[in-house]
Amino acid sequence: MSKNALLLSRRNLILYSLLSVLLALALSAQPPLLFPQPQEMKILDGPGFVINQNTKIIINSSPSETDQATAAELIDAISKKFNYVLTQEPAQNQAPLANMIIIGQPQRNPLLAAALQQNHLEFTPGNPPAQGYILSAQPDVLLLAGNDTEGAFYAVQTLIGIIEAGQNPAICALWIRDWPMMKYRELFIEDKWGPDLMTLQDYMDLIDRMARMKFNSLSLAMYGCWNVQYRNEVLEFFLLPLEKYPQLQTPKIIEYYSPQKGAWQKLDYLPTIYTQDYFGDLIKYGQKKHVAVHPKFNSFGHNTLIPRLFPEISAKNKDGSPANYGFCTANPKTYDILFDIFDNIIDKYLKPNQVDWFDIQLDEVYLWCQCEKCRDLPPEKIYLDHLIKLSQYLKSKGINNIVVWADMLDHHKMVNEQLVKRFEQEGVKDTIILGWWAYGRNYDNVLPELKLRNWIVPMTGYSFPYHYTYPISRLDNVIGMLRTGVKDKVEGATSYSIYDPAYDLTTRAMANFTWYPLPLEQSDAQVKDKYIRDYSRYVFGPQTEQAVEVLASLEKFYTQYNKIMKTILYYNYSYVRAKPYQKRPYPEEAFASLQKIADGREQLQQMAVITRRAADFFKFAAEADGVKQDIARQFYANIYRVANLIDEFTLLYDIDDLYRQFKTAADPSSRLEQLEKIKTDLDIINTLQTEALGVWEATKPYYLQPQCMRNMSYMLLFCREAKDKIDELESQLKNNTLGEIPDSIITGTYKEL
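1. Description of the sheet that holds strand β1 (residues 40-43)
- Pairing within the open sheet is mixed, and its 7 strands lie in the order β1-β9-β6-β7-β5-β3-β4. Here the strands that pair on one side only, and so sit at the sheet edges, are β1 and β4 (88-90). Averaged over all pairs of adjacent strands, the angle between their axes in this sheet comes to 10°, without regard to strand direction.
- Bridge analysis of strand β3 (residues 56-59) against β4 gives 3 bridges, and the strand direction is parallel. Its bridge partner lying in β4, Ile-59 is registered against Pro-90.
- Here helix α4 (residues 149-165) sits on the sheet in contact with β5 (100-104), β6 (133-137), β7 (141-146) and β9 (174-178), set at roughly 40° to β6.

2. Things to note about the environment of Pro-169
- In this structure, Pro-169 sits in the loop between α4 and β8 (170-171).
- Relative accessible area serves as the criterion here: at 18%, Pro-169 is assigned to the buried category.
- A C-alpha to C-alpha distance of 8.5 Å links Pro-169 and Lys-81, two positions 88 residues apart in sequence.
- Those residues in contact with Pro-169 that sit more than four places away from it in its chain are Phe-49, Val-50, Ile-51, Phe-82 and Tyr-84.

3. Regarding empty space enclosed by the protein
- Counted by the stated rule, this structure contains 7 cavities of 30 Å³ or more.
- In this structure, the largest cavity occupies an estimated 260 Å³ of space.
- Along the wall of the largest cavity there are 19 residues; nearest its centre are His-467, Tyr-468, Ala-502, Tyr-558 and Phe-635.
- Ranked by the residues each element gives to the lining of the largest cavity, the list is headed by helix α16 (residues 544-568), at 4 residues.
- Classifying every residue of the lining of the largest cavity by side-chain character gives 12 nonpolar, 5 polar and 2 charged.
- In this structure, the second largest cavity encloses a volume near 130 Å³.
- In terms of lining, the second largest cavity is formed by Pro-465, Leu-569, Tyr-570, Tyr-571, Tyr-586, Arg-641, Val-642, Leu-645, Gln-689, Asn-711, Met-712 and Met-715.
- Those elements giving two or more residues to the lining of the second largest cavity turn out to be α19 (629-664) and α21 (706-734).
- Looking at the lining of the second largest cavity residue by residue, the classes come out as 9 nonpolar, 2 polar and 1 charged.

4. Notes on the layout of surface pockets
- Taken as a whole, the second largest pocket spans an internal volume of roughly 1200 Å³.
- Taken together, the elements giving at least two residues each to the lining of the second largest pocket come down to β11 (217-228) and β12 (234-238).
- The leading source of residues in the lining of the second largest pocket is β11, at 4 residues.
- Of the residues contributing to the lining of the second largest pocket, the split by class is 22 nonpolar, 10 polar and 9 charged.

Calculation notes
- Residues numbered from 1 in each chain as written.
- Predicted model: local features only at pLDDT ≥ 70, side-chain atom pairs only at ≥ 80, totals over all residues.
- Heavy atoms only, no water.
- Pairing = 2+ DSSP bridges.
- Helix = DSSP H or I, 4+ residues; strand = E, 2+ residues; numbered from the N terminus.
- Axes fitted to C-alpha atoms, helices over the stretch in contact; angles between N-to-C directions.
- Contact = heavy atoms within 4.5 Å.
- Buried < 20%, exposed > 50% of the residue type's maximum accessible area, 1.4 Å probe, protein only.
- 1 Å grid on protein atoms, 1.4 Å probe; cavity = no way out; pocket = protein on both sides within 12 Å on 5 of 7 lines; lining within 4 Å.
- Points joined across faces, edges and corners; volume = space filled by probe spheres on them.
- Nonpolar A, V, L, I, M, F, W, Y, C, P; charged D, E, K, R; others polar.

This is the structure in structure tokens:
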């Protein structure tokens, strides 16, 4: 870190400390925020309910395992917060109604029904609606009444949120009537690096967090393929072991530098979910937390592994050779293999767990079969016939919900009355769900007049920090897409993501605005400003004002600097365009592109101020009282990485200047002086990147380390190789053997990681 940056960091930390003292008292008097926000909540006069060691937890009369698990979760939260050891018991004729927390459904819990009546609380089968609940805190009794098992579970989640936000076991007198705006509230996890290393425990922890935010669905991509990236390999992921097709597997190799171990690491592996085969166990765990888990399986585009291993079913080139992409839908063998795969997944994982969801995706199909039977067919016909054939088969296997990404249908202008009629004729209209996604913009509408099943699909976060390259922020995308979802009354929403705990800002926004309707009368900017303030208060407590300022500045950062970010991030250069394969040198290509931006250097300096200030704040907040420190640490790791990268590219400009001075210097001593300065700057870059790697390694869950640290490690290779070149130039100068001088010292490594 430069001297000026160090002084700025110290000043910021002192400022944050002073302001936190002034704000703590004002914020402590405010009622706790809940995410998602309840539909209706009233703070009542008079005393509330005080939890103590003798409080009884009363559940349904004939409790199910789900009822008991829900109560156990509340008991565990009370124990962790107040060290009280409470127990649960079924409703009988306990009397009087005193010092009780009563949980369940009135029709299954006579004590709860009597308490609702005694406290004049209206509760009918439709009031609150499905998945809804009433929470009432009175001096003698705390009622958690759900319209169904999900409603009772969400009532408990709300109470846990209140308990965790409070400082003592007193629950203020309040009344909440709450239910979800959208029936389905889902996170979708892409099959990429990161998720492929998640253990069962990682996913269980994720489901716990989802349940707390009242998400009720988790879909996992199990098969997907992309372009050529690292190691001259087409990027392919297959995450489930199939008995009939054991050759469908996707081993990976990743190398990266580990500051903790002080050495380079090499990981040679198959996906953890593949080797441990825990998908069925994950489905079962999700059901305990009312989070339905189901697979996504790319079944046309994003598809190279299957056609490469079974070339007879691949789409064909004009000369009849296999394209190793897509399918020939005129070949019956295509469906023999696809349906075998579907059967394996359904019979092994879904049917035993009563899961009737299977998503076929079908997005981004860019190459169509050119065999004699297919070449003259319109792509629209090939696509729609394939979609319907797959959907009919899945429906025959008991699958009643199939998400298809809407981009292809929308691009080919096929979402119309004719499509509705075709779906009706083929018997799949009520089965197919269109998932509308757009990440660099927002959909204005999803054609609700057609009365198809529609979901909206914002991006809460992708492979960090790639999502900085979009022209709008991820929060703008979430708010804009969910506005359309509310306006057009979609039945659900799913987020595209590679889950990172640092995406809490956008994930929580997704949870909030799928549960509590986004106010259509307000502009996106107004919704965003209020949400950032509420979120800042929720996470950063006494640091609210500083958090609002920092988060707002980072939101502007997206739109102002996405072009620079897209230029300097390594991830973009992992994609290879050339044939035959040639690795793209980094940071050489990135710096050359940056130099073509007229004010690139000045923009980097502006970016450095924003990101360094943000990093300083999150570092301070990660140790500050009254802050959710675990979330602050995640913010810090992510933005510290960006801030350091910006400083590194600023130093590359300095190195480029010094190298030009070296080339034009007249005497060897001046040249040696410039080379020593370059080596100093290279050492600083190496230190900045190593420190960013260290923070990442110390903060992030393991599954997010290897791939992200691989991308970060390329800069270390550049520094090492550049210093070797400088050493060689110095040796030649000292020995008076200087030959032809390279045009630039800012080249790039060709080593594969």
